[in-house]
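# Tertiary structure, described
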Amino acid sequence: MSDEPRPTVIVDDLHVSYTVYATGRPAREATKLLRRATSMRRAREVVALRGISFVAREGEAIGVIGRNGSGKSTLLRAIAGLTPAKQGAVYADSDPTLLGVNAALINELSGERNVVLGGLALGMTPEQVRAKYDEIVDFAGIGEFIELPMRTYSAGMGARLRFAIAASATHRILLVDEALAVGDADFQRRSEQRINELRDEAGTVFLVSHSLKVVQETCQRTLWIDAGLLRMDGPSDEVIAAYNESVK
């Protein structure tokens, strides 16, 4: 019997594409009047992921790196079940939590009310939310703003509160997309520590980040996505070194 940790996510030959509609106008002089009433819509397929396959296991923190537009965030959304596959499949042994999406926060409500709603959306009981409330607010570091509507928050404050809510629960599968880029150095340090704790609680954490230093310090394994393809999957030090070499 194998001692290898059990799989939590299996991505099998995953292809994802989008249909993008471009608006254009007829070019000939004879159609100028028609242009006032309508425009021509042209459909174009954009391929975001091409045949991605890997297995994630219990206790892993997995970084996802690549250039802008390479498909990193699309991969996380596909694992979360928010973006459908054109081909292939994603199998997960529990519902993945995509940071900032499952929290279901509402801008018109106060931070306090959103902590309650976010906790309930993550599956906590009202008693569990009350028990964790002070910890969540302290972690977010937004002070008395917790009593104000979220529409008054800066982007960074809102992101910190979302992270604090999502990280307050133990997740079998947690997907973090650039959340550690917000806040000061102290908040980033505490966020990294919390991700390590979630990983140690027999969960699986995926972290998309442009900060290779954060990935290297937080994740023992890294996926390098390049133009929708899985270019490399292995120990973070090796994958990051190869990525750095490619972008010189």
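Residues numbered from 1 in each chain as written. Predicted model: local features only at pLDDT ≥ 70, side-chain atom pairs only at ≥ 80, totals over all residues. Heavy atoms only, no water.

Glancing now at the overall build of the chain. Within the chain, the secondary structure is distributed over eight helices and nine strands. Counting the 248 residues in the chain, one finds 42% classified as buried. In the chain, once contacts between residues fewer than 6 apart in sequence are set aside, the share between residues at least 24 apart is 70%. Of the roughly 13100 Å² of accessible surface on the chain, a fraction of 49% belongs to carbon and sulfur atoms. (Helix = DSSP H or I, 4+ residues; strand = E, 2+ residues; numbered from the N terminus. Buried < 20%, exposed > 50% of the residue type's maximum accessible area, 1.4 Å probe, protein only. Contact = heavy atoms within 4.5 Å. Areas by Shrake-Rupley, 256 points an atom, 1.4 Å probe, with all protein chains shown as cover.)

Here Asp 13, not a glycine, exhibits a phi torsion of approximately 50°, which is positive. Take Asp 13: it is sitting in strand β1 (residues 7–24). When its relative accessible area of 29% is taken as the criterion, Asp 13 is described as partly exposed. In the Ramachandran plot, Ala 227 falls in the positive-phi region, its phi being about 55° despite a non-glycine side chain. Within the secondary structure layout, Ala 227 lies in the loop between β8 (221–226) and β9 (229–235). Judged by relative accessible area, Ala 227 falls into the partly exposed class, the value being 47%.

We now examine a nonpolar patch on the surface. There is a patch of nonpolar side chains on the surface, built from Ile 10, Val 55 and Tyr 91 and spanning about 250 Å² of accessible area. Its place among the elements puts Ile 10 in strand β1. (Patch = residues over 30% accessible without salt bridge, like charges linked within 9 Å, V, L, I, M, F, W, Y side chains within 5 Å. Salt bridge = Lys/Arg side-chain N within 4 Å of Asp/Glu carboxyl O.)

Take helix α6 (residues 185–200) next. For α6, built from 16 residues, the straight-helix expectation of 22 Å at 1.5 Å per residue is met to within 8% by its first-to-last C-alpha distance of 23 Å. Every buried residue belonging to α6 is among Phe 187, Ser 191, Glu 192, Arg 194, Ile 195, Leu 198 and Arg 199, and all of these are buried. Looking straight down α6, one finds its buried side chains confined to an arc of 160°; they lie on one side. Seen from the buried face of α6, the exposed residues on the opposite side, beyond 90 degrees, are Ala 185 and Asp 200. (Expected span 1.5 Å × (residues − 1). Arc of directions from axis to C-beta.)

To continue, consider the packing of helix α4 (residues 126–140) against helix α5 (residues 155–166). For the pair α4 and α5, the least separation of the axes is 8 Å and the interaxial angle reads 145°. Crossing of α4 against α5: the hand is right-handed. Packed against α4, whose contacting residues are Ile 136, Phe 139 and Ala 140, the element α5 presents Arg 160, Leu 161, Phe 163, Ala 164 and Ile 165 at the interface. Its residues assigned to classes, the contact of α4 with α5 comprises seven nonpolar, no polar and one charged. (Axes fitted to C-alpha atoms, helices over the stretch in contact; angles between N-to-C directions. Left-handed = near helix turned anticlockwise from the far one by under 90°. Nonpolar A, V, L, I, M, F, W, Y, C, P; charged D, E, K, R; others polar.)

Honestly, that's just the spatial picture; any functional story needs more than this.
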